Amino acid sequence: MKELNFNRHRRLRGSANLRSMVRETSLHKEDFIYPIFVVEGENVKNEISSMPGVFQFSMDNLGTELDEVVDLGIPSVILFGVPIEKDAVGTQAYHDHGITQEAIRFAKNRHPELVVIADTCLCQYTDHGHCGVIEEGVILNDESLDLLARTAVSQAKAGADIIAPSNMMDGFVAAIRYGLDEAGFDNTPIMSYGVKYSSAYYGPFREAAHSTPQFGDRKTYQMDPANRMEALRETASDVQEGADFMIVKPALSYLDIIREVRDNFDIPIVAYNVSGEYAMVKAAAANGWIDEKKIVLETLLSMKRAGADIVMTYHAKDAARWLEGKE
Ligand code: PBG
Ligand code: ZN
């Protein structure tokens with residue numbers, strides 16, 4: 001044995017306590033943001049078929065869901081309003097009594113300390129399902145900015161603690177920052193979904209939020225999955241325009257991008273563990289093919305290890321329970 005020369009890495013893995021002392025990354029319930037879908041109507045609690053355990057709630061059922069999140073010690077939710085009425089310019093997105101604004105008001109009223117994030121986009125509110133306004137089949141950039149700023153201001157007025165624009169028009173952080181400041185919301189942070197890839201992993205979400213584009217795809221505004229350096233250009237622009245947080249989305253197939261952004265910028269990074277990632281785990285778990293609890297905790301941990309400070313995930317409630325040692 002003496003003549004062999006090698007390192008004994010196993011020395012630090014000998015017991016549970018020793019392993020916990022040298023553990024580099026940890027996962028806490030405080031790391032989570034829980035997404036909630038809110039629909040118009042009464043007494044609705046619709047499970048999304050491709051997302052077992054995730055529901056669309058009407059306002060009268062929202063309270064118990066929020067209570068559960070708060071009781072579990074999850075500090076924040078992001079709300080996705082799904083209106084019945086849609087039109088070409090997404091009027092319901094910036095209506096002071098739109099579904100999202102009402103849901104924000106309700107959530108802040110019930111749990112003032114809960115950090116309520118508003119998703120700021122037009123696709124749930126437009127009849128064509130695109131994230132901006134359209135002329136002759138083209139998604140217009142600058143013309144969409146004004147509507148996004150109006151949406152953000154109406155959400156801030158309703159009490160949103162953070163504005164999270166997800167539409168990928170150029171200049172959306174600048175336009176929203178300007179709009180918020182002008183309306184007196186200079187203390188409201190912007191969590192930019194500026195590194196958002198054009199991804200098949202959003203499929204189940206589009207069923208939940210009724211936001212499938214009615215023609216074409218989102219490739220002229222969302223990023224090409226083949227690109228890495230572009231994520232740095234997007235982040236640089238958003239930081240310069242005043243973003244306070246940066247979201248990388250999806251997360252699991254883009255851990256390298258999370259790391260890249262982490263290594264180049266010092267703002268808080270959010271990993272969005274999206275609907276398709278959730279659906280795959282739930283499907284495999286339902287078949288008994290994987291151990292759901294272990295897979296979920298390992299997956300969420302990997303997002304932290306890649307460099308995320310915060311994880312937006314549909315697994316948040318389960319993971320918070322598991323981290324507390326509950327089943
Ligand atoms: C809307 C939006 C989408 C998601 C969050 N906000 C869908 C899309 O861009 O097509 C996806 C979230 C998920 O899949 O969990 N702009
Ligand atoms: Zn959108």
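This text follows the structure it describes.
Criteria and thresholds
- Residues numbered from 1 in each chain as written.
- Chains lettered and ligands numbered in written order.
- Predicted model: local features only at pLDDT ≥ 70, side-chain atom pairs only at ≥ 80, totals over all residues.
- Heavy atoms only, no water.
- Helix = DSSP H or I, 4+ residues; strand = E, 2+ residues; numbered from the N terminus.
- Rg over C-alpha atoms; globule rule 2.2 N^0.38 Å.
- Buried < 20%, exposed > 50% of the residue type's maximum accessible area, 1.4 Å probe, protein only.
- Contact = heavy atoms within 4.5 Å.
- Pairing = 2+ DSSP bridges.
- Near = heavy atom within 4 Å.
- Polar contact = N/O pair within 3.5 Å; in protein donor to acceptor, adjacent residues only side chain to side chain.
- Areas by Shrake-Rupley, 256 points an atom, 1.4 Å probe, with all protein chains shown as cover.
- Nonpolar A, V, L, I, M, F, W, Y, C, P; charged D, E, K, R; others polar.
- Donors = N, O, S within 2.8 Å, 3.2 Å for Na, K, Ca; no water.
- Tetrahedral: all angles 85-135°; square planar, octahedral: opposite > 155°, others 65-115°.
- Phe/Tyr/Trp six-rings, centres within 6.5 Å; stacked < 30°, edge-to-face > 60°.
- Lys NZ or Arg CZ within 6 Å of the ring centre and 35° of its normal.
- Core = buried A, V, L, I, M, F, W, Y, C linked by side-chain atoms within 4.5 Å.
- Expected span 1.5 Å × (residues − 1).
- Arc of directions from axis to C-beta.
- Salt bridge = Lys/Arg side-chain N within 4 Å of Asp/Glu carboxyl O.

### Points about the overall build of the protein chain
Item 1. Within the protein chain, the secondary structure is distributed over 11 helices and 12 strands.
Item 2. The C-alpha atoms of the protein chain give a radius of gyration of 20 Å, which matches the 20 Å a tight globule of 327 residues would have.
Item 3. Each of the three principal axes of the protein chain carries a C-alpha extent, and together these read 75 × 45 × 40 Å.
Item 4. A buried classification covers 54% of the 327 residues belonging to the protein chain.
Item 5. Counted over contacts in the protein chain with a minimum sequence separation of 6, partners at least 24 positions apart contribute 75%.

### A closer look at the pairing of strand β5 (residues 115-120)
Item 1. Counted residue by residue, β5 has 5 buried out of 6 residues, so it is predominantly covered.
Item 2. Sheet analysis places strand β4 (residues 76-82) next to β5, joined by 4 bridges and oriented parallel. Looking at the pairing, V77 lines up with V116 of β5.

### Considering the site of ligand 1
Item 1. Of all residues adjacent to ligand 1, which total 18 residues, the nearest are K196, R206, K249, S275 and Y314.
Item 2. S166 is positioned with one of its side-chain polar atoms (N or O) 3.2 Å from a nitrogen atom of ligand 1.
Item 3. In isolation ligand 1 exposes 400 Å². Once the protein is present, 100% of that is buried.
Item 4. Grouping the amino acids of the shell around ligand 1 by side-chain chemistry returns 10 nonpolar, 3 polar and 5 charged.

### Let's talk about the coordination of the zinc ion (ligand 2)
Item 1. Around the zinc ion (ligand 2), the protein contributes the donor atoms C121 (SG), C123 (SG) and C131 (SG), which lie 2.2 to 2.3 Å from the metal centre.
Item 2. Note that the zinc ion (ligand 2) binds 4 donor atoms; their angles at the metal cover 99 to 120°, and the shape is tetrahedral.
Item 3. The sequence motif formed by the donor residues of the zinc ion (ligand 2) is C-x1-C-x7-C. Each member of the pair C121 and C123 is classed as buried.

### Remarks on the packing of aromatic side chains
Item 1. Tallied over the entire structure, the rule returns 9 aromatic pairs.
Item 2. On the numbers, 5.9 Å between centres and 45° between planes, the contact of F55 with F57 is tilted.
Item 3. In this structure F55 comes out as partly exposed when scored by relative accessible area, which is 21%.
Item 4. Of the residues examined, F57 reaches a relative accessible area of 2% and is grouped as buried.
Item 5. Following the ring pairs from residue to residue traces out a cluster consisting of F37, F80, Y193, F205, Y272, Y278 and Y314.
Item 6. Its guanidinium or amino end placed over the ring of F55, K45 lies 4.6 Å from that ring's centre, counting from NZ or CZ.
Item 7. Over the face of the ring belonging to Y193 we find K196, whose NZ or CZ atom lies 5.4 Å from the ring centre.

### Some points on the nonpolar core
Item 1. I36, V77, L79 and I258 are the most contacted members of the largest nonpolar core, which totals 78 residues.
Item 2. A total of 7 residues in this core trace back to one element, the largest contributor, which is helix α4 (residues 142-158).
Item 3. I258 has contacts with V248, A251, I269, A271, M303, A306, G307 and A308, leaving out every residue within four places of it along the chain.

### Quick notes on helix α7 (residues 229-241)
Item 1. Between the first and last C-alpha of α7 there are 19 Å, a value that for 13 residues agrees with the 18 Å anticipated at 1.5 Å per step.
Item 2. The complete set of buried residues in α7 reads A231, L232, E234, T235 and D238. Along the axis of α7, the buried positions cluster into a sector of 165°, meaning they face one direction only. The exposed set on the far side of α7, more than 90 degrees from its buried face, consists of M229, R233 and Q240.
Item 3. The secondary structure elements touched by the buried residues of α7 are α5 (172-182), β9 (191-196), β10 (245-249) and α8 (255-264).
Item 4. G242 sits one or two residues past α7 and shows a positive phi near 110°.

### With respect to the pattern of salt bridges
Item 1. The full count for this structure, using the stated rule, is 18 salt bridges.
Item 2. The closest approach of N and O atoms between K317 and E65, which form a salt bridge, is 3.1 Å. Pair noted here: K317 is in helix α11 (residues 316-323) and E65 is in helix α2 (residues 59-71), with a separation of 252 residues, a long-range link.
Item 3. As a salt-bridge pair, K282 and E292 come within 2.8 Å of each other at their nearest N and O atoms. Of the two residues, K282 is situated in helix α9 (residues 275-286) and E292 in helix α10 (residues 292-306); the sequence distance between them amounts to 10 residues.
Item 4. By sharing partners, the salt bridges in this structure join E65, E68, K317, D318 and R321 into a single network.

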